[in-house]
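Chain by chain, the residues run as shown.
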Amino acid sequence: MCLAVPGRVLNVEDRDGTRMATVDFGGVVKEVCLEYLPDLRVGEYAIVHVGFALQRLDEESARRTLELFETLGMLQEEFGDPWEAAAGSAREGVAGEVHP
């Protein structure tokens, strides 16, 4: 599943003519393109989907959403290590198998 996740801008820079930001998603830090929100500043929050900041968000809404995602385990699902998730799925499959 791909979520649009709120994140807080930690820094902004221009990379080869493209505005990019380092964004904190409740402890997970990722690089995000700011081309759709070119006036977004450090300290502000935005909804991010597939690496693009799409909409500015107030801090209270961002924090509530991140807390809800954390409670539901959705941040780990969205940002977790795919190799770890695959290994966990493989272990579950093996543990659930019935051998004659």
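Figured I'd write up the structure that's included with this text.

## Describing a nonpolar patch on the surface
Reasoning step 1: Among the surface-exposed residues, Tyr 36, Val 50, Phe 52 and Leu 54 lie close enough to one another that they form a single nonpolar patch of about 400 Å² accessible area.
Reasoning step 2: Note that Tyr 36 resides in the loop between strand 3 (28-33) and strand 4 (45-49).
Reasoning step 3: Note on Tyr 36: relative accessible area 55%, which makes it exposed.

## Points about the pattern of salt bridges
Reasoning step 1: Considering all chains together, one arrives at six salt bridges under this definition.
Reasoning step 2: Salt bridges sharing partners connect three or more residues here, namely Glu 13, Arg 15 and Glu 31.

## Points about the packing of aromatic side chains
Reasoning step 1: Taken as a whole and assessed by the stated rule, the structure comprises one aromatic pair.
Reasoning step 2: Arranged with centres 5.5 Å apart and planes meeting at 45°, the rings of Tyr 36 and Phe 52 form a pair that is tilted. Taken together, the residues span a long stretch of sequence, with Tyr 36 in the loop between strand 3 and strand 4 and Phe 52 in strand 5 (residues 52-57) at a distance of 16 residues.
Reasoning step 3: Here Phe 52 falls in the partly exposed class, since its relative accessible area comes to 31%.

## Regarding the side chain of Ser 61
Reasoning step 1: With respect to the secondary-structure elements, Ser 61 resides in helix 1 (residues 59-71).
Reasoning step 2: A distance of 2.8 Å separates the side chain of Ser 61 from the side chain of Asp 58, its partner in a polar contact.

## Observations regarding unusual backbone geometry
For residues that are not glycine, phi is negative in most cases, and the peptide bond is trans in most cases.
Reasoning step 1: A positive phi angle, near 55°, is found at Asp 16, a position not held by glycine.
Reasoning step 2: Relative to the helices and strands, Asp 16 is located in the loop between strand 1 (5-15) and strand 2 (18-25).
Reasoning step 3: Of the residues examined, Asp 16 reaches a relative accessible area of 84% and is grouped as exposed.
Reasoning step 4: The backbone of Val 50 shows a phi angle near 40°, a positive value even though the residue is not glycine.
Reasoning step 5: Summarising the element assignment, Val 50 is placed in the loop between strand 4 and strand 5.
Reasoning step 6: A residue is classified by how much of its surface remains accessible, and Val 50, at 56% relative accessible area, is exposed.

The rules we used
- Residues numbered from 1 in each chain as written.
- Predicted model: local features only at pLDDT ≥ 70, side-chain atom pairs only at ≥ 80, totals over all residues.
- Heavy atoms only, no water.
- Patch = residues over 30% accessible without salt bridge, like charges linked within 9 Å, V, L, I, M, F, W, Y side chains within 5 Å.
- Areas by Shrake-Rupley, 256 points an atom, 1.4 Å probe, with all protein chains shown as cover.
- Salt bridge = Lys/Arg side-chain N within 4 Å of Asp/Glu carboxyl O.
- Helix = DSSP H or I, 4+ residues; strand = E, 2+ residues; numbered from the N terminus.
- Buried < 20%, exposed > 50% of the residue type's maximum accessible area, 1.4 Å probe, protein only.
- Phe/Tyr/Trp six-rings, centres within 6.5 Å; stacked < 30°, edge-to-face > 60°.
- Polar contact = N/O pair within 3.5 Å; in protein donor to acceptor, adjacent residues only side chain to side chain.

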